[in-house]
Structures are given as structure tokens and as C-alpha cells.
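# Secondary and tertiary structure notes
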Amino acid sequence: MSPLLECQGVSVQYGPVQAVKDFDLTLEPGETVALLGPSGSGKSSVMYAVAGFTRISAGRIILSGEDVSTPKASVPPEKRSVALVFQNYALWPHLSALENVAYPLRRAAKPKAQSLLEASHLLEKVGMTELSQRKPAELSGGEQQRVGLARALARAADIYLFDEPTAHLDSQIRESVANEIAKRRAELGAAAIYATHDSEEALAIADRVVILRSGSMVQTGTPADVYERPIDAWAARLTGPVATLNATVLEAKPGKLKVLLDEVTVIAHSASSTPTRSVELLIRPEWVRPGGEIRGTAVEVSYRGPHTDYVISTKSGHLVARAAGSPRLEVGQVGGWTIERAWAPS
Amino acid sequence: MVAASIALLVLWPLLELVSVASEALDGPGNGSLVDPMANTALVGAGTAVLATILGVIAALITERSAVSGRQWLRLGILLPMLVPPFVSALSWLRAYGPGGLVDDFSGFELPGLFGPVGIVLVVAIGATPLAYLITVASLRTRAERDLELAARASGARPLTSLRTITIPLLAPALLGIAALTFVVGINAFGVPAFLGTPASFDTVTTRIYQDLTLSSRPESFGSAILLATGLVGVALVLVTLAEMALGRIDAVPRRAVPSGHSGTRSARARLLTILVWFAILLTTVFPMIALTLVALTRGVGLAPAPANWTLSNFSEALDGRFLGALGRSALLAVMAATTAVLLGVMVSALRNKLGRVAGVTALVSFALPGSTLAVAVLLAYGAGLRDTLLLILIAYVAKLWAVGHRSISGSADNLPPDLFHAARMSGAGVRTAVRTIVLPLLSPALLAGWVLVFLFAFHELTMSSLLYGPGTDTLAVAILNLQQLGDVQVSSALAVILTLPLILMAIPVLVLGRLPGRLMGTG
Amino acid sequence: MGRCLLAISISILTAACAGGSVEADHESLTIYTSVTRDTVDAVVDGFESTSPGTTVEVFRAPTGELAARIAAELRNGALEADILWMTDPISIQQYERDGLLLEWTPDDLEAVPGAFRTAKSFGTRVLNLVIVSGHTLLDPPRDWADLAGVEGTVALPDPGFAGSAFAALGFFALDPGYGLQFYRDLESNGAVQVQSPGDVVNGVAEGIYAAGLTLDRTARDAVDDGSPVDLIWPSSGAIAFYSPIAVVDDGATSTAKDFVDYVLGAEAQTAIAATGWEPIRDDVEWSHDGDQQTIDWEQAFDRQGELLAQYREIFDG
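Just so we're clear, the structure is a prediction, and the values are computed from it rather than from any experiment.

Another point: the sheet that holds strand β16 (residues 307-314) of chain A. All names here are of chain A. Read across the sheet, 4 strands follow the order β17-β16-β15-β18 without closing on themselves; strand pairing throughout is antiparallel. With partners counted over all chains shown, the strands left at the sheet margins are β17 (317-324) and β18 (334-339), one partner each. The mean angle between the axes of side-by-side strands here comes to 50 degrees, regardless of whether they run parallel or antiparallel. Bridge count for β16 against β17 is 8 bridges, and the pairing is antiparallel. Bridge assignment links Val-311 to a residue of β17, and that residue is Val-320.

The next thing to look at is unusual backbone geometry. Residues and elements named next belong to chain A. Of note in the backbone geometry, Ala-109 takes a positive phi value of approximately 65 degrees without being a glycine. Within the secondary structure, Ala-109 sits in the loop between α2 (97-107) and α3 (112-125). For Ala-109, a relative accessible area of 66% gives the class exposed. We note that Ser-214 has phi near 50 degrees; this positive angle belongs to a residue other than glycine. Inspection of the secondary structure puts Ser-214 in the loop between β9 (208-213) and β10 (216-221). What makes Ser-214 partly exposed here is its relative accessible area of 48%.

So, about the interface of chain B and chain A. With 18 residues of chain B at the interface, the matching set in chain A holds 21 residues. For the pair chain B and chain A, the summed buried surface comes to about 1700 Å²; carbon and sulfur atoms form 67% of the total. Per-residue buried area on chain B facing chain A is highest for Arg-424, Met-425 and Ser-426 of chain B; these three make up 39% of the total on that side. The residue Arg-424 of chain B makes a salt bridge to Glu-78 of chain A at a minimum N-O spacing of 2.6 Å. One can count 6 residue pairs in polar contact (both at pLDDT 80 or more) joining chain B with chain A. Within the side of chain B that touches chain A, the residues separate by chemical class into 10 nonpolar, 6 polar and 2 charged.

All names here are of chain C. Tallied over the entire structure, the rule returns 28 aromatic pairs over all chains. Both rings, one in Phe-47 and one in Phe-259, keep their centres 4.9 Å apart while their planes meet at 85 degrees; by these two values the pair is edge-to-face. Placement of the pair is Phe-47 in helix α2 (residues 37-50) and Phe-259 in helix α9 (residues 253-264), with a sequence separation of 212 residues. Considered together, Phe-47 and Phe-259 belong to a single accessibility category, that of buried residues. An aromatic cluster is present here, built from Trp-144, Phe-171, Phe-172, Tyr-178, Phe-182, Tyr-183, Tyr-311 and Phe-315 joined pairwise through their rings. Lying across the ring of Trp-277, Arg-125 places its NZ or CZ 4.3 Å from the centre.

Residues and elements named next belong to chain C. Structurally, Ser-91 can be placed in the loop between β3 (83-85) and α4 (93-97). Note on Ser-91: relative accessible area 16%, which makes it buried. For the pair formed by Ser-91 and Phe-171, sequence separation is 80 residues and the distance between their alpha carbons is 15 Å. The contact partners of Ser-91, leaving out residues within four places of it in the chain, are Thr-63 and Met-86. A polar side-chain atom of Ser-91 sits 2.4 Å from a polar atom in the side chain of Asp-88.

Turning next to the sheet that holds β9 of chain A. Residue and element names in this part refer to chain A. Within the open sheet, the 6 strands sit side by side as β6-β7-β8-β3-β9-β10. Their pairing is mixed. With partners counted over all chains shown, the strands left at the sheet margins are β6 (82-85) and β10, one partner each. In this sheet, adjacent strand axes meet at a mean angle of 20 degrees when their direction is disregarded. The strands that helix α4 (residues 141-154) touches are β6 and β7 (159-163); relative to β6, the one it contacts most, it runs at about 180 degrees.

Residue and element names in this part refer to chain A. You can read the domains of chain A as domain 1 (5-233) and domain 2 (241-344). Computed from C-alpha coordinates alone, the two centres of domain 1 and domain 2 are separated by 38 Å. Between domain 1 and domain 2, the contact holds 7 residues from the first and 7 residues from the second. Summing both sides of the interface, domain 1 and domain 2 together bury roughly 680 Å²; the carbon and sulfur share of this comes to 54%. Interface area lost by domain 1 to domain 2 is led by Tyr-227, Glu-228 and Ala-233, which between them contribute 70%. Counting the contacts that link domain 1 with domain 2 gives 1 salt bridge. For the pair domain 1 and domain 2, the interface holds 4 residue pairs in polar contact (both at pLDDT 80 or more). If you tally residues by element for the side of domain 1 that touches domain 2, the top one is helix α7 (residues 223-228), at 3 residues. Across the side of domain 1 that touches domain 2, the residue classes tally to 4 nonpolar, no polar and 3 charged.

Procedures and definitions
- Residues numbered from 1 in each chain as written.
- Chains lettered and ligands numbered in written order.
- Predicted model: local features only at pLDDT ≥ 70, side-chain atom pairs only at ≥ 80, totals over all residues.
- Heavy atoms only, no water.
- Pairing = 2+ DSSP bridges.
- Helix = DSSP H or I, 4+ residues; strand = E, 2+ residues; numbered from the N terminus.
- Axes fitted to C-alpha atoms, helices over the stretch in contact; angles between N-to-C directions.
- Buried < 20%, exposed > 50% of the residue type's maximum accessible area, 1.4 Å probe, protein only.
- Contact = heavy atoms within 4.5 Å.
- Buried area = accessible area lost by both parts, 1.4 Å probe.
- Salt bridge = Lys/Arg side-chain N within 4 Å of Asp/Glu carboxyl O.
- Polar contact = N/O pair within 3.5 Å; in protein donor to acceptor, adjacent residues only side chain to side chain.
- Nonpolar A, V, L, I, M, F, W, Y, C, P; charged D, E, K, R; others polar.
- Phe/Tyr/Trp six-rings, centres within 6.5 Å; stacked < 30°, edge-to-face > 60°.
- Lys NZ or Arg CZ within 6 Å of the ring centre and 35° of its normal.
- Domains from an automatic or database assignment.

Written out as C-alpha cells, the structure is:
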């Protein structure tokens, strides 16, 4: 089966600003990809280019084997099999929730009665049956979000784009929406792209994560790839809390390093085996265990309920740690820690 | 294409004007132009001072004191917008002039009504709604209520907080308002034509009118053009100033304005409300009543008592020829409103550099003195279109499309583009998306813009008095000619016909359509 | 979207153009006139009903404005009017001398008294300058000379604005019995100048002025409306002048001649009388209020500039 979407070397230019540079992406049927990056990294531009709102300045976009965007020509948005959930919902204020959802069905030339019926089914799926006659202004942010989702679902599309949904859905709704999309994936081979700056959301929802920085793709991979083997310190910080420490290399093997940190030997995974004398180690908080030979003073202790976060000042720099249970140390106390794992990007 | 139509409407006539004016500069008889210029500056300055003060006071009263019936008071303050300036002048004559209603009952007549004092009074009252609207918008965007409350919490008394916080915050806006109302003053034609000419008090605009339509001397054409060019120069400089000073009003995003507010309904607030109502009564309502009474009275000099009432002046006013003029005024107004709104939509649709240039041109053309624009349009199109309604329509659209543009662009800018995108995303083509989403959402603004342009065009006198010909006189021109011939009663009846029905029709639109806010693109 | 809307607006503009422009129809006639609106309307309506298929475009404006329009049109090329119909005999003199007007003989030429016509322009009605006085005046003026002794302000129409006022100026200046001294005496008695004869009557009716110089019909209308004024026919006679009509030389000549013939005919003259103006024909019924006196209007025209300048010296200087 051919990929649903291919972006080949796509660039987007706004005047002097290059919002997207040489972007490649392949989306297979049934796949969910998260675009992860800070604001201004080009996530929305990629979305809008795929949707057909933004003309690309280089490269091409292929949907189901058909060229839809080139620098010279563009298939209009309504002719693409793409649905978009907007960042600020973009519900039409003069239409009720039901009419908003029925709108794409009407555009698909379905009779009015049938459109309204299908729309009310969709609203039921997102738990909005009671409020279907309300205008958007009379709905809360979360409720508007659900109507926006239902409207996107009403468009029988191959690809669902989620542009930074700002209101979080409660788990029950998320599940039913996920089920709905999964069903469509199975039936129609649909796929989804989810743009967000929230790494937890991206890691939880996606089959694959694409990290964007200033319009360029920095890294792509499974959630575990990008979390455990970030390409650099910037990508590591984007995907979660991390400590960066410098260590001396004792021994280098392919994919593995033996390093000296605070006079303690630590085994680190590494992307390359090029021998260097010193290396920057990335250490996630849950890779650090209480008790051990690395001594440090607690400078921040934050109780989070199920676990406690610590910032520890060591000779090599600040270390972050996460341990189950209530705080074991107070600020200013010295304790020992063990680094179970570390990652040395190339 | 939008650019082309704007160029044809505004830029070409102006270029034509400047080129002819540079030739006329060497012509004879330019010495006598000093008086009208000085008079015009006087009227402009007087209008700016008076209208700014009145507008600010009115705004502070409706927005900053706990008055009851605030919505109605706001409407009352905007009432002069619905009365064409020359009808105001006529109604003041009938109310406070020699032989007016007050004179009849008490022997009092307003001294100096004929001349600069009367002109400034009437023009300034007409310009007060503009000053009021901008002040209200500025109060909301720059001098928020919280800042004053903070001053009060820091120990300032109400007047101290007004003096030390509110007024300094408003200062740039006040400058802008003064500049705009100055332009209104120097562009005024109807009022000086009715109140200045009989006292030999000529302004630039009345002089242009006399040179162009009352004088057969060949050199007067040149002097009219020189005056027109000078007027446009001053107006443009001032409007640019005003735009710079007021720019931030539009730039600040609209936010929810707390409708009610704290503050007690004090006796002072009640007194202020009564004072404002009294002023509205005195300046607008009573003169209109006087005008209507004169129109209803059988003969000049008779007491306006029911015994002397007759409808014959109205039946004469609704006679064939005037009915034609009424029809033409209405036709021109409908055409101008429709065309201006369409142009406004097109310009608002251009969200690019050209759109911004067009937006600026729109403002410029609104600031253009009607007299100047009429002369320019005459020069550019007079050869082929002289004496046609189309010529007047071109002038109207050139002048008024800015009103359409401004009222629409305010709303269009507040319309998130994603609403359009969402429609495209739902399978709607451009046209379907415009029809089902954009137009329904913009329709209140479109309606408001249409009504505003219609009002301005229907009441227009300055340009039509310079451009009309056989069979193309408008109702306003007919009134001007009748008044010049001394036909007090029929001209009064026509003025009532021109004004009252629209006031009655406009009030529901004002109430429902939030028209004034849209005029300023804010609030 | 822009394109579609532009197309709509263009089509609207085109429609406005078609609706607004004056069709250059063969059977259409354009009249430039400063004569009172109701009088013109009455005559035009009558003419249109007797000549079906002919449409008459009337451009009506005060004398000064009409002169400006004619001057502007001459500057741009040609006069668009087929007929000029002026309030007073002086305003038409310039065009007569410039050779703009057609010389011809109307059917009813003899019905127009010799003093009220020239070779090219023909009187259509007689206007009488009279005195209007307010009810409050204890000793109302009886004749022109009494005006200078009225107790109160006397109002005069502006000869620069109203043709009738210039007719008065011409009469008094050229009559050796009055001369410009007439105006000097009025001025020293506090007389003021207003714009039109209508303004004079309104001012007197409102009690602003005690008396004034105006036209007979204007004063008569006010009296009929019940205004507190009296029409006083000067004992030495009202100043009579006439409203001339003429055919423009290159105008739609045959229809224009028909119109002039119609105006001079009994039917139109009866209609003119019905609007309150004295008809030019003496076979149309009219009740004369008193004597009339008149002067040679061509002579007044010759001295127009000089007389106006002298008048201005008295009233503005």
C-alpha cells in the first residue's frame, strides 16, 4: 500500500521568513504522527501546507499518490481528503453546534435531514448531545473543542490534522475519539498528524514523533526513540526533563561508552563510536536512583504526589532525579545517588 | 483591479486637480483669497476646540459616571449624526434666528448666528458625535477603568484621578480628535452656505461654490481650483496627524468591556444626565421641532399655532419636480452605498500591502473636502459625464467608500481567518465559504456600512451642489436653491422630508446594529 | 471573490449611468431658466400635454448660478440649452449681443407689447416691483420716495444676486427723478441688503424689517397666506419689467420655436396668470392694481458694471 501522505523537501516562505525548510515526512495508513516543537517552529505551517492553505516554495506534497502541492500548483483545501481540528476551534459563531457539525456533511451534498441526523450521532460520540442546539459562544472551551472534533470527524477524510488542541479532553472523550479514529483507520486507512508543544501528549498519542526546530526537522522516530535517544540536548529538553553533565571517556565500544563521572564509572549508551576524550551526557530523572556513590546536595525538592523531584548539585553539575514516594531529603542535605543509565548524543 | 478602481476614483481626479492648479497659480485675482482662508481657519479652530470639549465631556459622563439610561443617552448624543449639517443650520435659523420660534415668544435671538459664531456652533455640534465616539473608544483602549480605580485607591479624588490619570492617558487621542474635527470644520459647506453667505462671511468651501456656480468670470474657475488644492493639502496633513495619534485605537484588540461598573448613582450623576439631555434637546431636538413647525405654518411671520397649520407646504414639497429630486437623492444614495460596500469588501479581502495602501487611501478620500473632490472629479470626468447622475455618483463613491471600507474592515479584521479555513476544510469552495460563513458573519457590519454611506449620500450637499445639472439636482440642492430664493416654508418642509423619516428609520438600526462602534472599527 | 464583486459593482455603475444620463432624444428640449419653479412647471406640463412625445428637461437655478453655468458651458464648447428663459430683461442682453440667440418672429409677436421684447427675446410675463410693509408700521410708505423716511429698517434685495433687484437699480439710477441718490438716502436711513425679494418679504413678515422692496407676487402670496404684511402699490407706479424667453441659435430650433409660441399663446399665459404673475397678453384676464412705469432695459444693461460698482460703494463701502 502506498503511503497516504508524502512531503518531499517541502519549504514554506512568508516574505523573508522561511517557516519550513526542506521538510520530509511519510505518513502510512493507520499511523499517528506527532509534530513536536516550540511555538514558531513551523508546526502550523506544515499543517497548513498539507491542508492546502499555504503555498509551498519548494518540494512537493503527495496525497494518496497524487501531487497536491508544488510551488506552481495547489489543489484547493476542499478537494483534499484532509480534515483539520483548529487550534482555537474555529467554530462558526452564527451556527449552532449541530449546524457546525452538519456543515461538512452538507458540503458533501448530503440531504439536510440526513446531515443533521449524522451530525447528532457525531455529537453523541463526543458527549455533546445535550448542548447540540447551543451557539459556540454559549459553550466552554472544552465543549467547543469537542464540537470541533465532531466537525472534523464529519468530514470523511484520509488524514486528520490536529493543530495544537489547547483544551485537554477528559480521558473518556479522548478514548472515544481515539476509538473513532482507530475505527476509521481500520475501515478507511486513515491517519492523523498531531501538532503540539506538549511532549507528554506527543509521546502518549503518537506512533511516531517528528521534532521541529526553526522550520527544520531535527529528529524523527518512535516516542521511545526520541525520548531515550534524543539527537541533542535541545531535543532532549523538548521531550522532557533532563540533566546535562560532562564526563571523561574511559572506553568506547560501538553504541556503548564507559565514562568517569564524579570519580564514579558510568555506562552510557551512545549514538556514535567515534572516540573522544570528553562527552556530554544526557540523563533523564528516572534514570537516577537514590543511594549510591555520587554525592550531591539537594538544591530543589518538589513533592509531586506519587513521586518527588530533586535537583542535586554535584561536582560535575546539576543532576535531576525522580524517585517514588515522599521526599527523602530536605533542601541543603547531602545524599548519594546512582546513575543507572545515560545517553551520549553524537 | 481593486487598485485600478481606486486609482480611477480618487487618484486620477486629484492629479488632474493639482496639474490644473499649478497653471492657475499664475492667473490673476488671487489676492482676494486670503479672507476666505482666514475665515476657514477660524471655523476649523473653533470647531476643533468646541467639538473636542463637548465630545470629551459627553464621553466622560456616559462612560464614567453611573448614569441611568446610559444606552439611550449614547443614542441621544449621536443624534446630530442623523441630521445633515445644512438642515441643522436651517433648523437653528428657524429656532434661534431672527424671526425664529424663540424670537416669536421671547424676543430673544441668538446674536451672531449669521457669521462665525453661528457657523462654529452648528458645525461643532454636528462634529460632536465623532469626537464622542473616538473618546469612548480611547477610554476603553487606553484609559481603562482599572487605572482610574487604582488612582482612587491611591487616595485621589474623582476629579484628581480625571486630571492626573485619565486626561494624560487620553492626550494623544485628544490631539487626534482635535485634528479630525478641525478637518470637519474646514470641510464644512452647508452650514457656512446658510449662515455665512448672508453675512458676507465666506469660507474656502462657499467661495469655491460661488466661483464655480455663481460666477461667470473666467478667472473665478482658476481661483476655485487654487482654493480646492489648498484645502486638500491642509486636510491631508491634519488627517495624517490624526491617524498617527489615533492609530493605536485600532491596533489594540477589542476586549470585553465590562458593561456596568461600580460607582454610586449619585445626585451629581443624575444632574449631569439631565444636563446632557437638556443640551441634546436645545441643540438638536428643539431646532428640528422649530423647523417642522415652520414647515407646517401657512404663512411666514404667523404664530406656529394649530390655527395656522397647513399641509400645503408639504404637498408643494412633494410635487413632481421635488419628488424627482427626492428620487434621485435616494437612487444616488442606494447606488453609492451598494458600490461603496462592495469596494469595502474587496479592499478588506486584500490582506496584503495593497490592502493597507487601499485602507490609507480610503481614509484620505474620506478626509478630502467634498468641494475639492467635486472640482477634481469635474476636471477628470466633466468632459464626458457633465450633468449626469453618474458624475455625482463617482464623486459620492470616491468620497464615501472609505466609510464602507472602515466599517467593514473593522469587522473583517476581527473575523478569525480560521473560520474561513474551517469551511474550506469542511469541503466548501471559496464561493461557498464566502456565502455560508463570511457573508453571514459580516452582514451586520455590511448593513451598518451600507446604512452609513446611504445616510451620508442622501444628505450630501457639498458635491452635488457643484456637480448637478439639468435633471440631476438632488433634494439637498433643491433645498439650497429654495433657501437662496427665500422660500422659507417649502425649503423647511423639504428639509423635514429629507431628515425626519431617516431619523425614525435609523434609530432601530443604531440600537440593533451597534452602528457607531462599527464606524470607528472598534468597541 | 474580488473579481466577482467587481463585476457586480461595474454592472451597477453601468446601470446608474444608463438611468442617470440625459438621453439625446430628437424630441427632447432643454430649457435653462431662472423663472419661478411653479410657473415653469405649469407651462412645461401644458406644453408636454399638447405635444406628446416631447420631453422637456428644465434646469432651474438662480440668475447668478445660471449665468455661471452658461459661461462654463461656453468655455467647454457649446451651450446645451435650446431655450433661455430669464427672470429679467438685463440678464439675457449679453447672450443676445454675443449672437447666441436666434432672430425670428413668433406667431403671436404682436401680442407682446413693444416695450417688452427685442428682436430675439420676448417677454413672457410682467413682474412688478412694489413695496411690502409690516402691520406694525403706523405710517406705511405710499410711494418709493417714502421708503427713505420709514421708521424702521428697510430691506432691499441684492442686485448682484437677484435679477429683479438689478432691474430696480437700473430703474432708479437711470430715472433722473431718483438717481443713485435714492439708494444713498435709503442707506443713511439704515436700510439693509438681503439676498432675494423672498428674503425681504420673510423678514418683514417676521418683524425683522419694517418695509422693503419686493416683487408683487411674492408679497401677494404672503398676504394670501395670512402673513402680517401689506402689499403697497407705489402711487407713482410699480416698476414693471418682463421675463424674456429666447431660442438658442444652434438649439433644437423647431421644437424650441414651438415651445416659445406656446408660452406666448393664450393657454400658457392663462396658466402663468394662475400662478400669480401678470400675463404679457392683455387678452388674458388680470386685475391691475395700479400704474406701471418702465425704462429702456438695453440702456440699463450697457451700464450694468458701472451701476453695480456705484451701488456697492453705497452699501458695502
